[in-house]
Amino acid sequence: ALFPQGQATHLATLLGRSLAQVNECETALALTTPVVTMEPRYRDAWIVKGFCEFTTERTKDALTSLEQAYSLDPEKPEIQYFLARTHAALGDPQNAVTFLQYAILNGFEPESDARELLADYALELGNTDLALEQYKLIANGKDGDLDAYKRYIDLAVGTPNHGLDALALAKEALQKYPDDSAALTLAAKAALAAGLPADAEKYVESALKIDPKNRDAAAVQEAIRKAGAPTK
């Protein structure tokens, strides 16, 4: 009523987008499929269609739709993000990594979600350095929390020659969470991996003093003991 010159295809696409947002994808597909037939260069209709095909596990159809949207607008981060997820679902983590990197570069939000997925796909490819880079950026970002530090440190301590990197980030975590038993436990784990068992013991003692029932800290203390370092 407000826009009498508006097109029915535009209305159908807007309705389809709204339905997709509340998981009514079958109805959204019924609306947007005719739209792309009538207007094959309607980018937003292809996006809604591809999103709904992806969420309803029509993965090959989703790839076709999203590739159409990408051909019309190769710099839109939402298209790149869902292309990445679709490639991953089809068993192609390399293309998933590529499109996620494009999406992040073009400002996809929330960025932390894209970086977490990028780390997952990088690990599938055996690219530990790329995964570590993502976890570090998440930890240092505006939404970074202690779990983000933990993901980085857990991966770093299990990767050759990254013990000191883990310890550096653990010390950053301690600046944010100085009296947190879990943060102290991460520092202990990282110090042990860096070849500094005496420092590890100091951290783990502090962690257990704050929370004597901290099982992770007790496990690190046992690892220190097995490494031959003195423990109290």
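Residues numbered from 1 in each chain as written. Predicted model: local features only at pLDDT ≥ 70, side-chain atom pairs only at ≥ 80, totals over all residues. Heavy atoms only, no water.

Caption draft 1: The overall build of the protein chain, seen in detail. Along its length, the protein chain carries 13 helices and zero strands. N-terminal to C-terminal, the α/β element order of the protein chain is α-α-α-α-α-α-α-α-α-α-α-α-α. Against the 2.2 N^0.38 benchmark of 17 Å for 232 residues, the protein chain shows a C-alpha radius of gyration of 24 Å, more extended than a compact globule. Within the protein chain, contacts between residues at least 6 apart in sequence are counted, and of these 49% link residues at least 24 apart. (Helix = DSSP H or I, 4+ residues; strand = E, 2+ residues; numbered from the N terminus. Rg over C-alpha atoms; globule rule 2.2 N^0.38 Å. Contact = heavy atoms within 4.5 Å.)

Caption draft 2: Molecular detail of the state of the cysteines. Summed over the entire model, instances satisfying the criterion amount to one disulfide. There is a disulfide in this structure between Cys25 and Cys52, and the S-S distance comes to 2.5 Å. Between Cys25 and Cys52 the disulfide shows an S-S torsion of about -70°. By sign, it is left-handed. Of the two residues, Cys25 sits in helix H2 (residues 25–38) while Cys52 sits in helix H3 (residues 43–55), which places them 27 residues apart along the sequence. (Disulfide = S-S within 2.5 Å.)

Caption draft 3: Inspection of the environment of Arg151 at higher detail. Note on placement: Arg151 falls in helix H9 (residues 146–157). With a relative accessible area of 29%, Arg151 lands in the partly exposed category. Through-space distance from the C-alpha of Arg151 to that of Ala139 is 8.9 Å; in sequence the pair is twelve residues apart. Not counting residues up to four positions away in its chain, the partners in contact with Arg151 are Glu116, Tyr135 and Ile138. Reaching out from Arg151, the side chain makes a polar contact with the side chain of Glu116 at a distance of 3.3 Å. (Buried < 20%, exposed > 50% of the residue type's maximum accessible area, 1.4 Å probe, protein only. Polar contact = N/O pair within 3.5 Å; in protein donor to acceptor, adjacent residues only side chain to side chain.)

Caption draft 4: Looking closely at helix H11 (residues 181–193). Compared with the 18 Å implied by 1.5 Å per residue over 13 residues, the 18 Å span of H11 between its first and last C-alpha is a close match. For H11, every residue scored as buried is listed here: Ser181, Ala183, Leu184, Thr185, Leu186, Ala187, Ala188, Ala190 and Ala191. As for H11, its buried residues are in contact with H9, helix H10 (163–176), helix H12 (197–210) and helix H13 (215–226). The backbone nitrogen of Ala182 has a side-chain oxygen 2.7 Å away, supplied by the residue at the start of H11, namely Asp180. (Expected span 1.5 Å × (residues − 1).)

Caption draft 5: Up close: the packing of aromatic side chains. Inspection of every chain in the model, using the stated rule, returns six aromatic pairs. Arranged with centres 5.2 Å apart and planes meeting at 80°, the rings of Phe51 and Phe82 form a pair that is edge-to-face. In this pair, Phe51 is assigned in helix H3 and Phe82 in helix H5 (residues 77–89), connecting sequence segments 31 residues apart. Look at Phe82 and you get buried, because its relative accessible area is 16%. One aromatic cluster is present, formed by Phe51, Phe54, Tyr81, Phe82 and Phe108 through successive ring pairs. (Phe/Tyr/Trp six-rings, centres within 6.5 Å; stacked < 30°, edge-to-face > 60°.)

Caption draft 6: Region of interest: the packing of helix H1 (residues 8–21) against H2. As a packed pair, H1 and H2 sit with axes 8 Å apart at the nearest point and diverge in direction by 150°. Taken together, the axes of H1 and H2 lie roughly antiparallel to each other. Crossing handedness for the pair H1 and H2: left-handed. The segment H1 lies against H2, with Thr9, Ala12, Thr13, Leu15, Gly16, Leu19 and Ala20 engaging Cys25, Thr27, Ala28, Leu31, Thr32, Val35 and Met38. Residue composition of the contact of H1 with H2, by class: nine nonpolar, five polar and no charged. (Axes fitted to C-alpha atoms, helices over the stretch in contact; angles between N-to-C directions. Parallel < 35°, antiparallel > 145°, perpendicular 65-115°, else oblique. Left-handed = near helix turned anticlockwise from the far one by under 90°. Nonpolar A, V, L, I, M, F, W, Y, C, P; charged D, E, K, R; others polar.)

Caption draft 7: Region of the structure containing the nonpolar core. Grouped together as the largest cluster of nonpolar side chains are 64 residues, with contacts concentrated most on Tyr81, Leu100, Tyr149, Tyr152, Ile153, Tyr203 and Val204. One finds Cys25, Ala28, Val48 and Cys52 within the second-largest nonpolar core, a separate group that totals six residues. (Core = buried A, V, L, I, M, F, W, Y, C linked by side-chain atoms within 4.5 Å.)

Caption draft 8: Highlighting the pattern of salt bridges. What the rule picks out here adds up to eleven salt bridges. The residue Arg43 makes a salt bridge to Asp73 at a minimum N-O spacing of 2.6 Å. Here Arg43, found in helix H3, pairs with Asp73, found in the loop between helix H4 (59–72) and H5; they are 30 residues apart in sequence, far enough to count as distant. For Arg43, a relative accessible area of 26% translates into the label partly exposed. With its nearest N and O atoms 2.6 Å apart, the salt bridge here joins Asp154 to Lys150. Of the two residues, Asp154 and Lys150 are both situated in helix H9; the distance of four residues between them amounts to about one turn of the helix. Here Asp154 falls in the partly exposed class, since its relative accessible area comes to 29%. Among the charged side chains, a network of salt bridges with common partners joins Arg17, Arg43, Asp44 and Asp73. (Salt bridge = Lys/Arg side-chain N within 4 Å of Asp/Glu carboxyl O.)

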